[in-house]
Amino acid sequence: MSRSGTLGGQPGPQRAADRAPTPTEPARAYAELAAGNRRFVSGAPRHPNQDAGHRAAVADGQHPFAVIVGCSDSRLAAEIIFDRGLGDLFVVRTAGHTAGPEVLGSVEYAVTVLGTPLVVVLGHDSCGAVQAAREAAATGVAPPGHLPAVVDAVLPSLRRATAEGVDDVDGIVDIHIAQTVETLLGQSPVLADEVAQGRCAVVGMSYRLAAGVVRAVTPAPAGAATFDAPGASDDPAASAAA
Ligand SMILES: [Zn+2]
């Protein structure tokens, strides 16, 4: 039996459309992501901004409140894990959340043209791109095709991890997240200026695949509360990353 009751062409009862606010400054945007991840983790998502009415409302223009520069991993779906909908998140994903020219240009577009107040670099535990880079570095064997482009983008983080005595994958992931934040700011004077003016913040976060919990890897924007999704404090990596 159809849960929606719409398969026969007759619309079933619709729950009231859920709306969620669109923050315009970094700390508030950060809080909205934290609230959405709390809903997702607790098994009580609201799926806001996903109905037909909202789809029509945002067709003429978008004002996303966060850019997600995330890993492409299929389990890291931004709108799901932050419990948001259409027009909320400007998502740029590559394997290993690399920061090449197309990524930088996409981030700059969102921040300067769309006025997005928050950029989140989103990594995750057991990242395959980081593991591939680690393997390539250990064996000296480059992967086939265009995969070296991904591996090469992760290698600076790997070298930094080695210098800091970090050799577990999830520890390297945290360093790579922080490194990607620094790369975005270092390679994009436009973005750095937006941050300096207080119009935007760039932060790093990491997602745990099994728990669904997002935790902060780099400091919160000025004036923002800690990213405190339930279970984050149970995460042994959280204290190490603090
Ligand atoms: Zn990954």
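Here the structure is a predicted model, which is why all the values come from computation and not from measurement. (Residues numbered from 1 in each chain as written. Predicted model: local features only at pLDDT ≥ 70, side-chain atom pairs only at ≥ 80, totals over all residues. Heavy atoms only, no water.)

Enquirer: Teacher, can you tell me more about the overall build of the chain here?
Expert: When you go through the chain residue by residue, the secondary structure sums to 9 helices and 5 strands. In sequence order, the chain lays out its α and β elements as α-α-β-α-β-α-β-α-α-α-α-β-β-α. Looking at the chain residue by residue over its 242 residues, the buried ones come to 43%. The contacts of the chain with a sequence gap of at least 6 include a subset with a gap of at least 24, amounting to 68%. (Helix = DSSP H or I, 4+ residues; strand = E, 2+ residues; numbered from the N terminus. Buried < 20%, exposed > 50% of the residue type's maximum accessible area, 1.4 Å probe, protein only. Contact = heavy atoms within 4.5 Å.)

Enquirer: Would you mind showing me how to read the sheet that holds strand 3 (residues 118-124) here?
Expert: Read from one edge of the open sheet, 5 strands run 2-1-3-4-5, paired in mixed fashion. Looking at which strands have only one partner, the edges of the open sheet turn out to be strand 2 (89-94) and strand 5 (214-216). Neighbour-to-neighbour, the strand axes of this sheet turn through a mean angle of 25°, independent of strand direction. Sheet analysis places strand 1 (residues 66-71) next to strand 3, joined by 4 bridges and oriented parallel. Opposite V69, over in strand 3, you have V121 as the bridge partner. Helix 7 (residues 169-187) rests against strand 1, strand 3, strand 4 (201-207) and strand 5 of the sheet, and its axis sits at about 160° to strand 4. (Pairing = 2+ DSSP bridges. Axes fitted to C-alpha atoms, helices over the stretch in contact; angles between N-to-C directions.)

Enquirer: Can you walk me through the environment of L185 in this structure?
Expert: Following the sequence through the fold, L185 ends up in helix 7. A C-alpha to C-alpha distance of 9.5 Å links L185 and L104, two positions 81 residues apart in sequence. Not counting chain neighbours up to four residues away, the residues in contact with L185 comprise L191, A192, V195 and V202.

Enquirer: I'm lost on empty space enclosed by the protein in this one. Help?
Expert: The rolling of a water-molecule-sized probe over the atoms marks out the regions of remaining empty space. Under the counting rule described, the total for this entry stands at 1 cavity of 30 Å³ or more. Space inside the largest cavity adds up to approximately 30 Å³. In this structure, the largest cavity is lined by D125, D170, V173, D174, S206, Y207, R208 and R215. Of all the elements in the fold, those that place two or more residues in the lining of the largest cavity are helix 7 and strand 4. (1 Å grid on protein atoms, 1.4 Å probe; cavity = no way out; pocket = protein on both sides within 12 Å on 5 of 7 lines; lining within 4 Å. Points joined across faces, edges and corners; volume = space filled by probe spheres on them.)

Enquirer: Would you explain the nonpolar core in this entry?
Expert: As a rule of thumb, nonpolar side chains are buried together in soluble globular proteins. Core analysis: the largest hydrophobic core is formed by 55 residues, its most contacted members being L33, F82, V119, L122 and M205. With 7 residues, the single largest contributor to this core is helix 7. (Core = buried A, V, L, I, M, F, W, Y, C linked by side-chain atoms within 4.5 Å.)

Enquirer: Sorry, what's going on with the packing of aromatic side chains here?
Expert: Between two aromatic rings, the relevant description is the distance of the centres plus the angle of the planes. Scanning the entire structure with this criterion turns up 1 aromatic pair. Centroid distance F90 to Y109: 6.0 Å. Interplanar angle 45°. Geometry classified as tilted. Within this pair, whereas F90 is found in strand 2, its partner Y109 is found in helix 4 (residues 101-113), the two being separated by 19 residues in sequence. We classify F90 as buried; its relative accessible area is 17%. Since its relative accessible area comes to 37%, Y109 is described here as partly exposed. (Phe/Tyr/Trp six-rings, centres within 6.5 Å; stacked < 30°, edge-to-face > 60°.)

Enquirer: Can you help me understand unusual backbone geometry in this one?
Expert: Excluding glycine, most residues fall at negative phi; most peptide bonds, likewise, are trans. Backbone geometry places H47, a non-glycine residue, at a positive phi of 50°. Taking relative accessible area as the criterion, H47 reaches 39% and is therefore assigned partly exposed. Unusually for a residue other than glycine, N49 sits at a positive phi of about 60°. Inspection of the secondary structure assignment puts N49 in the loop between helix 1 (26-41) and helix 2 (52-57).

Enquirer: Which parts of the structure should I look at to understand the coordination of the zinc ion?
Expert: Perfect tetrahedral coordination of a metal by four donors corresponds to 109.5 degrees between them, and perfect octahedral coordination by six donors corresponds to 90 or 180 degrees. Surrounding the zinc ion are the protein donor atoms C71 (SG), H124 (NE2) and C127 (SG), which sit 2.1 to 2.3 Å from the metal. For the zinc ion, all donor residues lie on one chain, and their spacing in sequence is C-x52-H-x2-C. Pair noted here: C71 is in strand 1 and C127 is in the loop between strand 3 and helix 5 (128-139), with a separation of 56 residues, a long-range link. For the pair C71 and C127, one class covers both residues: buried. (Donors = N, O, S within 2.8 Å, 3.2 Å for Na, K, Ca; no water.)

Enquirer: It is not clear to me how the environment of T98 should be interpreted in this structure. Could you clarify?
Expert: With respect to the element layout, T98 can be found in the loop between strand 2 and helix 4. Spatially, the C-alpha atoms of T98 and V154 are 7.3 Å apart, while their sequence positions differ by 56 residues. Setting aside residues up to four positions removed in sequence, T98 forms contacts with V69, V103, V150 and A153.

Enquirer: Just to check I follow, could you spell out the pattern of salt bridges for this structure?
Expert: Two side chains that carry opposite charge are able to pair once their charged atoms sit near each other. In this structure the tally under the stated criterion is 11 salt bridges. Salt-bridge contacts for R84 lead to E32; the nearest nitrogen and oxygen are separated by 2.7 Å. You can see R84 sitting in the loop between helix 3 (78-81) and strand 2 and its partner E32 sitting in helix 1, a full 52 residues away along the chain. R84 is the partner of D88 in a salt bridge, and the nearest nitrogen-oxygen pair spans 3.1 Å. Look at D88 and you get buried, because its relative accessible area is 2%. For R84, a relative accessible area of 0% gives the class buried. By sharing partners, the salt bridges in this structure join R28, E32, R84 and D88 into a single network. (Salt bridge = Lys/Arg side-chain N within 4 Å of Asp/Glu carboxyl O.)

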